Number of protein chains: 2
Amino acid sequence: MRKFISTNKWKGSVIHLSPPQVLALGFIAFIFIGAVLLKLPVATTSSISWLDAIFTATSAITVTGLVVVDTGTVYTVFGQIVIMCLIQLGGLGLMTFAVLIVMMLGKKIGLQQRILIQESFNQTSLGGLVRLVKILLIFTLLLESIAFILLSISWVPEFGWREGMYQSLFHTISAYNNAGFSLWSDGLSAYVGDPIVNIVITSLFITGGIGFTVLVDLWSKRNFKRLTLHSKIMIVGTFSINIVAFLLIFVLEYANPATLGSLPLSDKFWGAYFQAVTPRTAGFNSIDIGAMTTPALLLMILLMFIGGGSASTASGIKVTTFIVMVLATITFLRGRSETMVFNRTIKLQTIIKSLAIIVISLSVTFLVLFILTITEKAPFLEILFEVVSAFGTVGLSMGLTPELTAVGKQVIIIMMFIGRIGPLTLAFTLARPKKSPIKYPEEEVFTG
Amino acid sequence: MRKFISTNKWKGSVIHLSPPQVLALGFIAFIFIGAVLLKLPVATTSSISWLDAIFTATSAITVTGLVVVDTGTVYTVFGQIVIMCLIQLGGLGLMTFAVLIVMMLGKKIGLQQRILIQESFNQTSLGGLVRLVKILLIFTLLLESIAFILLSISWVPEFGWREGMYQSLFHTISAYNNAGFSLWSDGLSAYVGDPIVNIVITSLFITGGIGFTVLVDLWSKRNFKRLTLHSKIMIVGTFSINIVAFLLIFVLEYANPATLGSLPLSDKFWGAYFQAVTPRTAGFNSIDIGAMTTPALLLMILLMFIGGGSASTASGIKVTTFIVMVLATITFLRGRSETMVFNRTIKLQTIIKSLAIIVISLSVTFLVLFILTITEKAPFLEILFEVVSAFGTVGLSMGLTPELTAVGKQVIIIMMFIGRIGPLTLAFTLARPKKSPIKYPEEEVFTG
Ligand SMILES: [K+]
Ligand SMILES: [K+]
């Protein structure tokens, strides 16, 4: 079956596009459709610029959550529903929807479509992909329904049926897809100590961000020892990073009067927990991000850069990439040749791939940061935070987004796009694989 | 000969120390001797604290150049000569001096000493090391003499014989060893457009920072094509980085009234050139670093992180490490398995080593930055600049150094030490090589 994917397949088609190129073009198409809809007079309470419409559409389809205009007041319910649709489309992936449409039309899914889905989910085997997408859609619908009901229990008494259910639906979709969009300008700050809101929202975005393959693996095996290496690394990695982040943010913000300082102890715990898990890459906030201490913000920048899991609604370099790099370095320092974890060896190709992802991600981040330090007049930390937030499609901001210059907005739009498509996919699109023509002898180079 | 280096050699010695450990201990010993000498009443015009004395000694022996007190006014000539000696000792490497002492005593150099020198210079073969050290000393003396005479021609007419020659000697030693110490509080700002000072000082620190093995290779081959791969990468890499840095700094600072803005065009060229080559890792400045534009400062942070060449007076991750990483990433993106450059293949082990160096360097920098954002009350960019400057033993500062808290000074002292010893050497010292006991099967992990 695998042999069937020959290069002739692509040579035969009229337009020579690789799967990542099709994926990127799909995102661009939805950005423009979204922007046109958001520019309609019916979508906003007061007129917005084309740039702001494109920014919002990109932020929604890439599930970032950075906002140049206040979602709750500037957009009408129509505009908000457009945003909600873009989030759900972007979060689940264009390809899932392509499959859905094909399935509904009763047609069989062709190999070319499958390769597109494969790229979209970073899956290595084609078999079972269609089944996977079906399960994903059912799972999403089920989880979002439960979350919607739980949030409604909290918000209907507060806002009434209509408004309460609408808020529950919007925040459910935004949270599951790691979009970070909120209808309240201060995010979830009003619910910093509310257990139901905290648990439901974080459960949604952690589930959405850990990667669907991990969830399927957990569901089918129900035994940690029998899980795949990928699932083990994702679960242990996510858990460890969250614990460390929680403890550090709790200590660093404990006495900060602008964030956790004035809150009772239980709210301090919830606030630290929420802000520890949201940077990878949910983007909601329950305290004022811009008022946090510098070391806590630095920690959040690292967390935003790491991001979530492969084949998920999260972006960033991914937890696995981060863990593989750390393990490879420890292996090298211990003078061993093979990187081992959970009684398995990590392929050398995976290590080199991780290295490439990190180098490309750091390069892109540096370049965008460099441009924004030229165009923007804000403090360096605010710019750095904004750039990494866009790269990881996180959506947290110290408050810079609405004050960006036109060039700044354009650059952040491109960065959210790169962050979501994946720096690696983008780079692959730019440079197609070639075979090495000649083999040269090895020679020593001193490094370090 | 190589087989002779058995582990029994170490087991047999009374104190079980590896070469990197001995090297680190040697540096610590000189820091304390230096600090005691600088704390003597005869060394300063007004009393300084032990912490400031240790800071100065560490900054001198690690050839960093960060200063908590003004070298030209707080230290007496005695104190300045102590600093000069520490710079020369640190720059050439403790091990070179150990060999020199052994040679002067007429004794034959033992294998253990040779291994120490090998670690010190990052050399892979033991043969010819003693000869290399001899040439290094002669070369240093020769180059420093020429530079001393040229600078004297410029400064004796200005300051008179005594002062002019003293200034020339101090700045020659400081420049060749990439120390960045100056007797003037504004560095070389008075000579921003002076061709002789610009050419002599930059020639000294570029020569000292490119790596002695490259110079020997150049001297013996005198033909680019016949050079070693290491030399080729160092020369082309250094040249390319300097050109790009020059152009960017020229454009970014052209209209900045606090730096190049008010200068005539020729001075603008010299100023941009000097500031482009000094971050890797000379540390002198001919314009006010703290007044530079944010994008130019960001660029300098990258240059400081990259640093100079292996087996040189420079620190940082090294130009070769940077180039190898970039080449490995390009290779991966092009779908090739072997990283090739100048018709040679770079060993996989070198790529993994480079990866380890970058991961360790980024981790150390992040950790120190994190601590300083807790202890210091300065803008984030100033702290970041200071931390990377200490890591790369560069010595450039936006002005934070004298205002550091006691904890901040202690952390920067440790960082300069780590920067000079080399993150990799330090990590090797902490974690000794072990053999893998079991081989596990490979398993796929999705990254990115
Ligand atoms: K997000
Ligand atoms: K220096």
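Residues numbered from 1 in each chain as written. Chains lettered and ligands numbered in written order. Predicted model: local features only at pLDDT ≥ 70, side-chain atom pairs only at ≥ 80, totals over all residues. Heavy atoms only, no water.

Overview of the packing of helix H12 (residues 229–253) of chain B against helix H14 (residues 294–306) of chain B
Residues and elements named next belong to chain B. Quick note on the threshold: Angular values range over 0 to 180 degrees, each being the angle between N-to-C directions of two axes fitted as lines to C-alpha atoms, with helices fitted over their stretch in contact. Here a strand is any run of E in DSSP of at least two residues, a helix any run of H or I of at least four, and the numbering for each starts at the N terminus. Should an angle lie under 35 degrees it is considered roughly parallel, over 145 roughly antiparallel, and from 65 to 115 roughly perpendicular; all remaining angles are considered oblique. Two helices cross in a left-handed way if the nearer one is turned anticlockwise from the farther one by less than a right angle. They cross in a right-handed way if the turn is clockwise. Whether two residues touch is decided by their heavy atoms; if any such pair falls within 4.5 Å, the residues are in contact.
Two elements in contact, H12 and H14, have axes whose closest approach is 9 Å; the angle formed by their N-to-C orientations is 160°. The angle between H12 and H14 places the two elements in the roughly antiparallel class. Crossing angle aside, the handedness with which H12 passes H14 is left-handed. Residues Ile241, Ala245, Leu248, Ile249, Leu252 and Glu253 of H12 touch H14, and the partners they reach there are Pro295, Ala296, Leu299, Leu303 and Ile306.

Comments concerning the coordination of the potassium ion (ligand 2)
All names here are of chain B. Threshold: Only nitrogen, oxygen and sulfur atoms qualify as donors, and only when within 2.8 Å of the metal (3.2 Å in the case of Na, K and Ca); with water excluded, sites may look incomplete. Any residue under 20% of the maximum accessible area for its type is buried, any over 50% is exposed, and the rest in between are partly exposed; the area is computed with a 1.4 Å probe on protein chains only.
Those protein atoms acting as donors to the potassium ion (ligand 2) are Val63 (O), Thr64 (O), Asn178 (O), Thr281 (O), Ala282 (O), Thr393 (O) and Val394 (O), and they sit at 2.4 to 3.0 Å. For the potassium ion (ligand 2), the single-chain donor residues occur in sequence as V-T-x113-N-x102-T-A-x110-T-V. With asparagine 178 in the loop between helix H9 (161–176) and helix H10 (195–210) and alanine 282 in the loop between helix H13 (265–277) and H14, this residue pair connects regions lying 104 residues apart in the sequence. Accessibility expressed as a relative area gives 1% for asparagine 178, which makes it buried. For alanine 282, a relative accessible area of 0% puts it in the buried group.

Quick look at the packing of aromatic side chains
Here is the rule we go by: Stacked, edge-to-face and tilted labels apply to pairs of Phe, Tyr and Trp rings (six-membered ring for Trp) whose centres lie within 6.5 Å, assigned for plane angles under 30 degrees, over 60, and everything in between, in that order.
Counted according to the given criterion, the structure contains 27 aromatic pairs over all chains. When the ring of A:Phe380 is compared with that of B:Phe380, the centres are 6.2 Å apart and the planes differ by 15°; the resulting orientation is stacked. Here the residue A:Phe380 occupies a position in helix H17 (residues 380–391), and B:Phe380 occupies one in helix H17 (residues 380–391), the pair thus bridging two chains. The pair A:Phe380 / B:Phe380 is uniform in exposure class, with both members buried. Ring geometry for B:Phe366 versus B:Phe370: centroids 6.4 Å apart, planes at 15°, classification stacked. You can see B:Phe366 and its partner B:Phe370 sitting in helix H16 (residues 348–375), 4 residues apart, about one turn around the helix. In this structure B:Phe366 comes out as partly exposed when scored by relative accessible area, which is 23%.

Some details on helix H10 (residues 195–210) of chain A
Residue and element names in this part refer to chain A. Going by this rule: Multiplying 1.5 Å by the residue count of a helix minus one yields the expected span of that helix. Distance and chemistry together define a polar contact, namely a pair of N or O atoms within 3.5 Å, with one atom able to donate a hydrogen and the other to accept it when in protein, and with adjacent residues in sequence counting only for side-chain atoms on both sides.
Between its first and last C-alpha atoms H10 spans 22 Å; for 16 residues at 1.5 Å apiece the expected length is 22 Å, and the two agree. When we look at burial in H10, the residues that qualify are Val197, Asn198, Val200, Ile201, Thr202, Leu204, Phe205, Thr207, Gly208, Gly209 and Ile210. The N-capping residue of H10, defined by a side-chain oxygen 3.0 Å from the backbone nitrogen of isoleucine 196, is aspartate 194. Backbone geometry just downstream of H10 places glycine 211 in the positive-phi region, at approximately 105°.

Side note on the pattern of salt bridges
In a structure, side chains of opposite charge can pair up when their charged atoms sit close to one another. Residues and elements named next belong to chain A. Rules: Counted as salt bridges are all cases of a side-chain nitrogen of Lys or Arg within 4 Å of a carboxyl oxygen of Asp or Glu.
Counted under the stated rule, the structure contains 2 salt bridges over all chains. Of the charged contacts in the structure, one is a salt bridge between aspartate 52 and lysine 409, with a shortest N-O distance of 2.9 Å. One end of the pair, aspartate 52, is in helix H3 (residues 50–61); the other, lysine 409, is in helix H18 (residues 406–421), with 357 residues separating them in the sequence. Residue aspartate 52 shares its accessibility class with lysine 409, and that shared class is buried.

Comments concerning the side chain of A:Ser168
Residues and elements named next belong to chain A. You can see serine 168 is positioned in helix H9 (residues 161–176). A distance of 2.8 Å separates a polar side-chain atom of serine 168 from the backbone oxygen of glycine 164. Beyond its immediate stretch of four places on either side in the chain, serine 168 contacts Phe148, Leu151, Ser152 and Trp155.

Here's the deal with the coordination of the potassium ion (ligand 1)
Residues and elements named next belong to chain A. Donor atoms from the polypeptide that bind the potassium ion (ligand 1) are Val63 (O), Thr64 (O), Asn178 (O), Thr281 (O), Ala282 (O), Thr393 (O) and Val394 (O), placed at 2.4 to 3.0 Å. Between consecutive donors of the potassium ion (ligand 1), the numbers of intervening residues give the motif V-T-x113-N-x102-T-A-x110-T-V. Note that valine 63 is positioned in the loop between H3 and helix H4 (71–74) and alanine 282 in the loop between helix H13 (265–277) and helix H14 (294–306), a separation of 219 residues in sequence. Of the two residues examined, valine 63 and alanine 282, each falls in the buried class.

Description of a nonpolar patch on the surface
All names here are of chain A. What counts is decided by this rule: For patches, a residue must show more than 30% relative accessible area and have no salt bridge; joins then use 9 Å for like charges and 5 Å for nonpolar side chains, namely Val, Leu, Ile, Met, Phe, Trp and Tyr. Computed with the Shrake-Rupley method and a 1.4 Å probe, the accessible areas treat only the protein chains shown as cover for residues.
Nonpolar side chains collect at one region of the surface, where Leu142, Ile146, Ile149, Leu150, Ile153 and Ile196 lie side by side and expose about 550 Å² of accessible area between them. Per element, the largest residue contribution to the nonpolar patch is 5 residues, and it comes from helix H8 (residues 129–159). Structurally, the position occupied by leucine 142 is in helix H8. Taking the relative accessible area as the measure of exposure, leucine 142 reaches 55% and is therefore exposed.

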